Amino acid sequence: MSFNYSFPEFIDLHVKDRISKVEADRQTVTAKAILQRLAQQPGLILADEVGMGKTFVALAVAVSVYLKSKEPVVIMIPPNLINKWPNDFRLFCESCVTDSKIQGRLKCAVAKRPEEFLRLLDDDEANRNTIIFLTHGALARNMSDGWIKLAILQRALYRRKDTEELYRSLHRYTGDLVMMGYLQKRNKNVDIWAQILNNGPSRWKKICIKYKVEKEDFDDPVPELFLNELNGVSRQELDSLYWRIKTEMPVRDSSKIKERIQSVREILAEEAKKIWSQCLSKIKMELPMLIFDEAHHLKNSQTQMVTKLFHDPVAEEDAGILNGQFDRMVFLTATPFQLGHHELHSVLERFKTINWKSRNVPLTDQAHYKNELKQLLTQLDDSQIVARKLDTSWGKLQSADLVHSGVLYDNAYDWWKVINNSDTLESALAVKVIDDYRLAKEKLRLVEPLLKKYVIRHLRPREMGDKFTGVPRRSNLPGDAILNAEVSNNYFSTGLGIARDSMLPFLLAARLTSIQPRKRPVFAEGLASSFEAFRYTREENSKKSKVAATDTDDDLVEMDLATDPVADWYLDQLNDALVNSSNNGSSHPKIRPTIDKAIELWNQGEKVLIFCHYIATAKALRKYVSLAMKAHVRKKGAELLLCDENEVFDRLDKIADRITSKDSPLHKKCLSILNELLDEFPSLDSFREKIVDVVIRYMRTPSFLIRFASATEHEINDEWIEKSFSTSDTSGLTLSDMIRGFLNFLSSRREDKVDYINALKSIQTGGVRANDILQEDLGEYESSQENDNIIMANVALCYGETSQERRQKLMKTFNTPFFPDILITSSVMAEGVDLHLNCRHIIHHDLCWNPSTLEQRTGRIDRIGAKAEKCGKSINVYLPYISETQDEKMYKVVTERERWFNFIMGE
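Residues numbered from 1 in each chain as written. Predicted model: local features only at pLDDT ≥ 70, side-chain atom pairs only at ≥ 80, totals over all residues. Heavy atoms only, no water.

Caption draft 1: Expanded view of the overall build of the chain. A count of helices and strands for the chain gives 35 helices and 19 strands. For the chain, the residues scored as buried account for 56% of the 907 residues in total. Across the chain, every contact between residues at least 6 apart in sequence was considered, and the portion connecting residues at least 24 apart equals 74%. When the accessible surface of the chain is split by element, carbon and sulfur atoms take 47% of a total near 40,500 Å². (Helix = DSSP H or I, 4+ residues; strand = E, 2+ residues; numbered from the N terminus. Buried < 20%, exposed > 50% of the residue type's maximum accessible area, 1.4 Å probe, protein only. Contact = heavy atoms within 4.5 Å. Areas by Shrake-Rupley, 256 points an atom, 1.4 Å probe, with all protein chains shown as cover.)

Right, dumping it as structure tokens:
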């Protein structure tokens, strides 16, 4: 039998207000192509650019496979997307599956632990899930389930002699031993543990139901797949557990009974872990498909996740848990490699671990697939050599070289279009560029057939299209373009300069870098980010403690600073230069432009997303942007209200009270406008009061009154309210437009409508004192002056230590027209997050060596249905870097890597 699955006619991927007909047609063609190709090959990578709807393509493929195989499809997802994928699946079933009978059969479940996953696989066909969402790392987690420990213990006691006393003791203490004492409490007149221990695990469910300790619909306590392997474990392999338990198990109460039970509990956990791991590695699931989201995490074969899941060594007992378990694999990632094409090869190697013994074996056999991978790697190596030659010759071009037939071109790519089709070239450099280009193109042509076989990739149009023809989808603004985007040159960018009074720290950093040429200058990278990134991480490091110098959302990173006396001297001098400088941290050559650009855009009615690598930088930016915002409100408020700056916030509070007071004409006018907007969306009638409350809370804030509702105090009337709702941002959208767009979005959210409203109601809109904010948001150094002690609610911070609950709130609320207006974040918001509905400006304050990291970040606001698509204005991507520092080196390296990525991926 071959892997032969067709795309059902009852799946229609067009979802009103979410997925256009054009996008749905493309996704349908992609899903069909995946199903067709998988008949021939073990797997493929769906590598559509970020935000192009890979999720719905994957769900369509998964449902197609499930409906014919009758077996669940496993989709592995990052833990932070544990709510998003199930919500998208429910929307898919409601909106894309047109057959109501089929729709009723489709369901999903989430497993965060290995035992949960195995229990879900136990379900019979009538109760089976269509999709099991399994979080990354779930199968690598230790087992902590009391039922499974009990099954292992019972197996260790099986057919042992002289166990009567031990069983009596276990009947008495098992509840405490496996932390399940509630079973006995619910059945005080029944020796529930005697009932359980005297019967096999396959009967435990019936016992629990009989004595009403569990519901009838709960799963078997011990998964059958695990139990089958446990029954095959030999007595010798269980001897250690048996004898240790027999020796340590107490037979009667004593003054130290709790300590003794704890000791036995630890023995059981230790021994059960060994047996569990042994059985888990031998379980055979034989499932039709694995879909792995964010598959670029599989690029490194030495990571724990890859070794645990896919490793395929000669020794069978060390094989990865997922090795040989699936008929086919589909990987989802917009960036299948980051630093080089060897990572792409490494990801493709994971397909070698499918079940080659399945009756659904692909037409391409295992040996042939290995040869194809080897051939692909060789061709990619050859292609990279010639591509680097092209990159070198292209990099030698200067502005003066962009000449043809006496015409000097402002734009390198306009010049290229002309000379690429010309028989006459005016310079030896142009001839060299053309020759290198043609050779690189020929080598790439050899790579394409194999690459296209295993990678499906769609690129977004580089222009908006439709009624916005000629408008670039993205405008990349590197270096000093953040100062003045209008006069920037994307092709020959220059970095930010360093003022004379800030020069000394950078000169010292450059000198130290030259002294230690082989050591990665992390201190120089930190200095290029902010003064705080250097100072505060180094201070903590000097205490010889691990410090969250950079935010990985996983482990704390210790900044690797120099230790030899000469280097220490330089670092001390560098630190003193910062401490003694007359400039504060906001005068940093990159911090100041980021602050100014964020405030400029905010004042124009725009939202801004700022990504940082260093936590100290992110915290400092929140402080400085908040201070700048307050200063702007004071200055502009004083001009409008004709008062002293110290009186502005008090005067604004009085105006806010008029908007809030139900008897006020201003409040009534607001209600009239909002109710008129809400009348367009009758499906939101039950939420009307809450939505109105959210908007009013937003409108009463000082920042709104100054930014949207600029007026003198005497002009605050009905006309002033109407003008506020009709004020446009630089994208051409009025406040009414944005609220209408939000209401339209909310009305289409069947799955999490309430979550969005509750998140907005929970966000504080007033100023917050620094000492009232959790430590996860602010560092102690941020409130050194009394005037700095209020943080504007418009500016939010999110990084590794931010709780999951707060992350979800910030993600949702930033995606609305309301607070926060400026979101400063780290890598925790870089993948799988939608932030695109009301934002088209992103600042990569800290760059990264990996171009795909920058692409993933930008993809948060470049998605289907983005604000940029609605208003026909480009997504502005700011990439500030400081000239002649480690910052500029990073920019050049990441740009070169990006060109190689785009070259291989067919742009």
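Caption draft 2: Representation of unusual backbone geometry. Here Phe 819 and Pro 820 are connected by a cis peptide whose omega angle stands at -5 degrees. Here Pro 820 shows up in the loop between helix H32 (804–814) and strand E17 (822–825). The backbone of Asp 162 sits at a positive phi, close to 55 degrees, despite the residue not being glycine. Here Asp 162 is to be found in the loop between helix H6 (146–157) and helix H7 (164–177). Positioned with a positive phi, Leu 642 is a non-glycine residue whose angle comes to about 55 degrees. Within the element layout of this structure, Leu 642 appears in the loop between helix H24 (615–641) and helix H25 (648–660).

Caption draft 3: Representation of the nonpolar core within the structure. With 109 residues, the main nonpolar core has Phe 117 and Phe 226 as its most contacted residues. It is helix H13 (residues 257–280) that provides the largest number of residues to this core, a total of 10 residues. Phe 226 has contacts with Leu 118, Ile 148, Ile 152, Trp 276, Cys 279 and Ile 283, leaving out every residue within four places of it along the chain. (Core = buried A, V, L, I, M, F, W, Y, C linked by side-chain atoms within 4.5 Å.)

Caption draft 4: Highlighting the pattern of salt bridges. This model, assessed by the stated rule, comprises 42 salt bridges. Residues Glu 855 and Arg 474 are paired through a salt bridge, measuring 2.9 Å at the closest nitrogen-oxygen approach. Of the two residues, Glu 855 sits in helix H33 (residues 851–858) while Arg 474 sits in strand E12 (residues 474–478), which places them 381 residues apart along the sequence. Note on Glu 855: relative accessible area 17%, which makes it buried. Residue Arg 474 is classed as partly exposed on the basis of its relative accessible area, which comes to 26%. (Salt bridge = Lys/Arg side-chain N within 4 Å of Asp/Glu carboxyl O.)

Caption draft 5: Expanded view of the packing of aromatic side chains. With the rule as written, the count across this model stands at 18 aromatic pairs. Taken together, a centroid distance of 5.7 Å and an interplanar angle of 75 degrees make the contact between Trp 394 and Trp 416 edge-to-face. Of this pair, Trp 394 sits in helix H16 (residues 366–395) while Trp 416 sits in helix H17 (residues 412–419), and the two are 22 residues apart along the sequence. On the basis of relative accessible area, Trp 416 is assigned to the buried category, the value being 14%. Taken together, the ring pairs connect Tyr 698, Phe 704, Phe 742, Phe 818 and Phe 819 into an aromatic cluster. The ring of Tyr 242 carries the charged tip of Arg 160 above its face, separated from the ring centre by 4.5 Å. (Phe/Tyr/Trp six-rings, centres within 6.5 Å; stacked < 30°, edge-to-face > 60°. Lys NZ or Arg CZ within 6 Å of the ring centre and 35° of its normal.)

Caption draft 6: Main features of the environment of Ile 842. One can find Ile 842 in strand E18 (residues 839–844). Under the relative-accessibility criterion, Ile 842 is labelled buried at 0%. Taking the C-alpha atoms as reference points, Ile 842 and Asn 876, separated by 34 residues in sequence, lie 6.4 Å from one another. In this structure Ile 842 touches Leu 609, Phe 611, Arg 857, Thr 858, Ile 861, Asn 876, Val 877 and Tyr 878, once residues within four positions along its chain are discounted.

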